[in-house]
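# Topology and contacts: notes
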Amino acid sequence: CSSDLEVAERIAAPPGNKTYGILSVLMQAWYDIEYLFTVSETVFFPPPRVKSAVIRLTRNQTDHLACDENLFVKIVKTAFNQRRKTLRNALKPVGGYDRIRGHRLLDQRAEQLTVNDFIDLAREIDTFA
């Protein structure tokens, strides 16, 4: 079971952080996220068994991603479902993948990619799908 603190950290995590994942990428695609502070369990009554956190979500200027949004979500989920694999291996189930085998990002792991990197991959794969 995740605590409120863990969920907040996951949402706000930058690329390269061990808590960066599907939730981070999908939220950060449409929001600017700022981790503000941790809230002690002692400020609640009765005190919960978990710590909490406060984050600020500010809607960014993105109305639509510069790619097929369904494909973007599929790529993000597929990449992180096998997060210890490089994208070259993790994305094999994604249609159109085989035509971008030489893409510069495929030797990295999902947690190393930015939101824009995932958008680039979706756009590239969509070109050939």
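First things first, this report covers the structure right here in the doc. Given the structure is predicted, the values throughout are model-derived calculations rather than measurements.

### Quick word on the packing of helix α1 (residues 4-12) against helix α2 (residues 22-30)
- As a packed pair, α1 and α2 sit with axes 7 Å apart at the nearest point and diverge in direction by 60 degrees. The angle between the axes of α1 and α2 places the two elements in the oblique class. Considering the relative orientation of α1 and α2, their crossing is right-handed. Residue-level contacts link Val-7, Arg-10, Ile-11 and Ala-12 of α1 to Leu-23, Ser-24, Met-27 and Gln-28 of α2.
- Residues that form the contact of α1 with α2 fall into these classes: 5 nonpolar, 2 polar and 1 charged.

### Details of the packing of aromatic side chains
- What the rule picks out here adds up to 3 aromatic pairs.
- For the ring pair Trp-30 and Phe-72, a centre distance of 6.4 Å and an interplane angle of 85 degrees mean the geometry is edge-to-face. Of this pair, Trp-30 sits in helix α2 while Phe-72 sits in helix α3 (residues 69-81), placing them 42 residues apart in sequence. Across the pair, exposure class does not vary: Trp-30 and Phe-72 are buried alike.
- A ring pair is formed by Phe-80 and Phe-118, whose centres lie 5.8 Å apart and whose planes are at 35 degrees; its orientation type is tilted. In this pair, Phe-80 sits in helix α3 while Phe-118 sits in helix α5 (residues 115-128), placing the two residues 38 residues apart along the sequence. Assigned by exposure class, Phe-80 and Phe-118 land together as buried.
- An aromatic cluster is defined as three or more aromatic residues linked by ring pairs; in this entry it consists of Tyr-20, Phe-80 and Phe-118.
- Sitting above the plane of the Tyr-31 ring, Arg-59 keeps its charged end 5.6 Å from the centroid.

Conventions used here
- Residues numbered from 1 in each chain as written.
- Predicted model: local features only at pLDDT ≥ 70, side-chain atom pairs only at ≥ 80, totals over all residues.
- Heavy atoms only, no water.
- Axes fitted to C-alpha atoms, helices over the stretch in contact; angles between N-to-C directions.
- Helix = DSSP H or I, 4+ residues; strand = E, 2+ residues; numbered from the N terminus.
- Parallel < 35°, antiparallel > 145°, perpendicular 65-115°, else oblique.
- Left-handed = near helix turned anticlockwise from the far one by under 90°.
- Contact = heavy atoms within 4.5 Å.
- Nonpolar A, V, L, I, M, F, W, Y, C, P; charged D, E, K, R; others polar.
- Phe/Tyr/Trp six-rings, centres within 6.5 Å; stacked < 30°, edge-to-face > 60°.
- Buried < 20%, exposed > 50% of the residue type's maximum accessible area, 1.4 Å probe, protein only.
- Lys NZ or Arg CZ within 6 Å of the ring centre and 35° of its normal.

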